[in-house]
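Read off the chains here:
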Amino acid sequence: MSWKIGEVLPVIKQNVVDLIPEEELIDKLKRKDEIIVKYGADPSRPDLHLGHYVCLKKLRDLQDIGFKIIFIVGDFTAMIGDPTGRSKTRPRLTEEEVRENSKTYFEQVFRVLDREKTVVRYNSEWLAKLTAKDVIEIASTYTVARMLERDDFAKRYRENIPISIHEFLYPIFQGYDSYAVKADIEVGGTDQVFNFLVAREIQKHFGQEPQVILTVPLLEGTDGKLKMSKSYDNYIGLTEDPKEIYGKVMSIPDTLILKYFRLVLYYTDEQLKKIEEHIKNDPRGAKAKLAYEIVKLLYSEKEAKEAEEHFNRVFRERKIPENIPEYAVPVEGKNIIEIVYEAGLVSSKSEARRLISQKAIKINGEPVTNIEAKVKPDGEKIIKVGKRKFLKVVSKNGS
RNA sequence: GGAGGGGUACCCAAGCGGCCAAAGGGGCCAGACUGUAAAUCUGGUGGCUCAGCCUUCGCAGGUUCGAAUCCUGCCCCCUCCA
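A. Layout of the protein's contact with RNA strand B. Every one of the 27 residues lining RNA strand B counts as a neighbour, but Met250, Arg316, Arg318, Arg353 and Arg354 are closest to it. At the protein interface, 63% of the atoms of RNA strand B within 4 Å belong to sugar or phosphate. Ser251 places a main-chain nitrogen or oxygen 3.5 Å from a sugar or linking oxygen of RNA strand B. Between Asp254 and RNA strand B, the recorded distance is 2.7 Å, taken from a side-chain N or O atom to a base oxygen.

B. Focus on the pairing of strand E13 (residues 389-395). In terms of burial, E13 is largely enclosed, as five of its seven residues are buried. With five bridges connecting them, strand E12 (residues 381-385) and E13 associate as antiparallel partners. Residue pairing across strands places Lys381 opposite Val393, the latter belonging to E13. The hairpin formed by E12 and E13 contains three residues between the paired strands, and Gly386 there has a positive phi angle of roughly 65°.

C. Structural detail: the environment of Val346. Along the chain, the position of Val346 falls in the loop between helix H16 (336-342) and helix H17 (349-357). Val346 gets classed as buried once you look at its relative accessible area, which sits at 5%. Each C-alpha atom, one on Val346 and one on Val385, is 8.4 Å from the other, the two residues being 39 residues apart in sequence. Not counting the four nearest positions on each side in its chain, Val346 is found in contact with Val340, Tyr341, Glu351, Ala352, Leu355 and Val385.

D. Structural context of the nonpolar core. Formed by 67 residues in total, the largest nonpolar core has its most connected members in Leu50, Phe67, Phe71, Tyr260 and Ile294. Element by element, the count of residues in this core is highest for helix H14 (residues 283-298), at eight residues. Both domains that meet at this core, namely domain 1 (5-216) and domain 2 (242-316), each give it at least three residues. In this view, Phe71 contacts Tyr39, Ala41, Leu56, Tyr105, Phe106, Val109, Leu113, Thr118, Val119, Val120 and Arg121; residues no more than four positions away in its chain are not counted. In terms of nonpolar packing, the next biggest core, distinct from the first, is built from 20 residues, Ile336, Leu345, Leu355 and Ile363 among them.

E. Representation of the confidence of the model for chain A within the structure. Put simply, chain A has an average pLDDT of 88, and 94% of its residues get 70 or more. At the level of chain-chain contacts, confidence expressed as ipTM amounts to 0.84, with global pTM at 0.84.

F. Expanded view of unusual backbone geometry. Look at the link from Ile20 to Pro21: it is a cis peptide, with omega at -20°. Within the secondary structure, Pro21 is located in the loop between strand E1 (18-20) and helix H2 (22-31). Positive phi, normally seen in glycine, also occurs at Asn15, with a value near 55°. Position of Asn15 relative to the elements: it lies in the loop between helix H1 (5-13) and E1.

G. Representation of H2. Among the residues making up H2, those that are buried are Leu25, Lys28 and Leu29. In an axial view of H2, the angular spread of the buried residues amounts to 100°, which keeps them on one side of the axis. H2 presents Glu23 and Lys30 as exposed residues on the side facing more than 90 degrees away from its buried surface.

H. Region of the structure containing the sheet that holds E12. The mixed open sheet is built from five strands, whose spatial order is E7-E13-E12-E9-E10. Strands at the two margins of the open sheet, each flanked by one partner only, are strand E7 (326-329) and strand E10 (366-367). For strand E9 (residues 361-363) and E10, the ladder comprises two bridges, and the chain directions are antiparallel. Along E10, the bridge assignment pairs Ile363 with Glu366.

I. How the structure looks around the packing of helix H9 (residues 165-180) against helix H10 (residues 193-205). Where H9 contacts H10, the axes come no closer than 7 Å and their chain directions differ by 55°. By the criterion of interaxial angle, the relationship of H9 to H10 is oblique. H10 is crossed by H9, and the crossing has right-handed handedness. Touching Tyr170, Pro171, Ile172, Gln174, Gly175, Tyr176, Ser178 and Tyr179 of H9 are Phe194, Asn195, Phe196, Val198, Ala199, Ile202 and Gln203, all from H10. For the contact of H9 with H10, the residue count by class is ten nonpolar, five polar and no charged.

J. Focus on the sheet that holds E1. With respect to topology, six strands assemble into an open sheet ordered E1-E6-E5-E2-E3-E4, the strand pairing being mixed. If you trace the sheet from one side to the other, it starts and ends with E1 and strand E4 (118-122), each paired once. Averaged over neighbouring strand pairs, the angle between their axes works out to 20° when direction is ignored. Direction of pairing for strand E5 (residues 185-189) relative to strand E6 (residues 212-216): parallel, over a ladder of five bridges. Paired with Glu186 across the strands is Ile213, a residue of E6. Contacts from H9 reach strand E2 (36-41), strand E3 (68-73) and E5 within the one sheet, and its direction differs from that of E2 by about 150°.

Thresholds applied
- Residues numbered from 1 in each chain as written.
- Chains lettered and ligands numbered in written order.
- Predicted model: local features only at pLDDT ≥ 70, side-chain atom pairs only at ≥ 80, totals over all residues.
- Heavy atoms only, no water.
- Near = heavy atom within 4 Å.
- Polar contact = N/O pair within 3.5 Å; in protein donor to acceptor, adjacent residues only side chain to side chain.
- Buried < 20%, exposed > 50% of the residue type's maximum accessible area, 1.4 Å probe, protein only.
- Helix = DSSP H or I, 4+ residues; strand = E, 2+ residues; numbered from the N terminus.
- Pairing = 2+ DSSP bridges.
- Contact = heavy atoms within 4.5 Å.
- Core = buried A, V, L, I, M, F, W, Y, C linked by side-chain atoms within 4.5 Å.
- Domains from an automatic or database assignment.
- pLDDT = per-residue confidence, 0-100.
- Arc of directions from axis to C-beta.
- Axes fitted to C-alpha atoms, helices over the stretch in contact; angles between N-to-C directions.
- Parallel < 35°, antiparallel > 145°, perpendicular 65-115°, else oblique.
- Left-handed = near helix turned anticlockwise from the far one by under 90°.
- Nonpolar A, V, L, I, M, F, W, Y, C, P; charged D, E, K, R; others polar.

As structure tokens, this is what we get:
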């Protein structure tokens, strides 16, 4: 196979921040029939979100060009915990946790990648076999001073926040992964540049041609400030309920709308111009379109429509949604606090009391004022907690 | 190994014998408002059989009528010296 550089390069470079160094990539394309692309995933967080999607989409592009994608599950390195961007040492995972987490992983990954064309490897395959002697050799390729160039390490060191020795091993082992799979290209978020550069050193140390680094932008989460991450609780999960996805997209700040269109939906510059115009005239409408398109991307047109209708109904028109979970109450009635607590709408009974005092719990639109209030399953009764939680009261014996 | 500083709620951080379920900020939740789960304003934010009670200030003991605050031991972190 030979590559038509003029055709392939623009695809590779779309939505990419760094391509280091581009000349090496062109050189590889000229010389090599098989281009190996490495992507490493940390199974400590099995729920993938839109931030991962940006990366996976890039991998899919490369896969479609004909590059070979090697998907590395960092089951071994997960026991260290990636210190990237962290202000404190991560808790290390046990082997069982890692195994458990990787299970749910692929179902999500292969919504984007072609399962048939993706090679999956676990880095314990080679890392677990290393001897202490091997580790010393690998570790000797990098110095403490260079490790401390990494801005998160530098920051922690400057601020007297602990850094464990094993955290220095993370970039090194990740680099060794690149050597183990003979990576030509490694793809990841911009926060991975340091690790990817270490990999180049390690490959060179072992006499291998260094990989080319390709980074995609980090997507800010729903808070609009921090990168999307489960630990910041600002993420939109790929397998979340369509209604949740739609709602979460609607909650991003307006300033992020355009970026989402570009990075998640891959809109062209021309299309983006139109969106820009749309945002100016009707920001809410532009965001609604974004939410719709993202649900459509992850599910289908049908779910997107349903999610949109649900959102408009519940939040714009303030009506009750169509499908509400039911809760059975005995005919003699039951205390309102117990109902919302047992139905899982609040995390404690104290919280329920607080919400009642804030007029946040309503029955058929009427705020509950009495803590002692009993709810009987007569007639149509809908309990609403806050803005988005609903419960339909039904009789315990079924009626 | 020596000397000093420190561990407080989801996070940061005050408090240093009773008025401490613990200031302040962030986050989160709610109410009002609206363009929406945006922005802004206001309130709330350990639990419970809730005018009271129970559990929480690194862990385990102790002093005291009373401890986040004082004492002892242990664990952990940081700085400087070696």
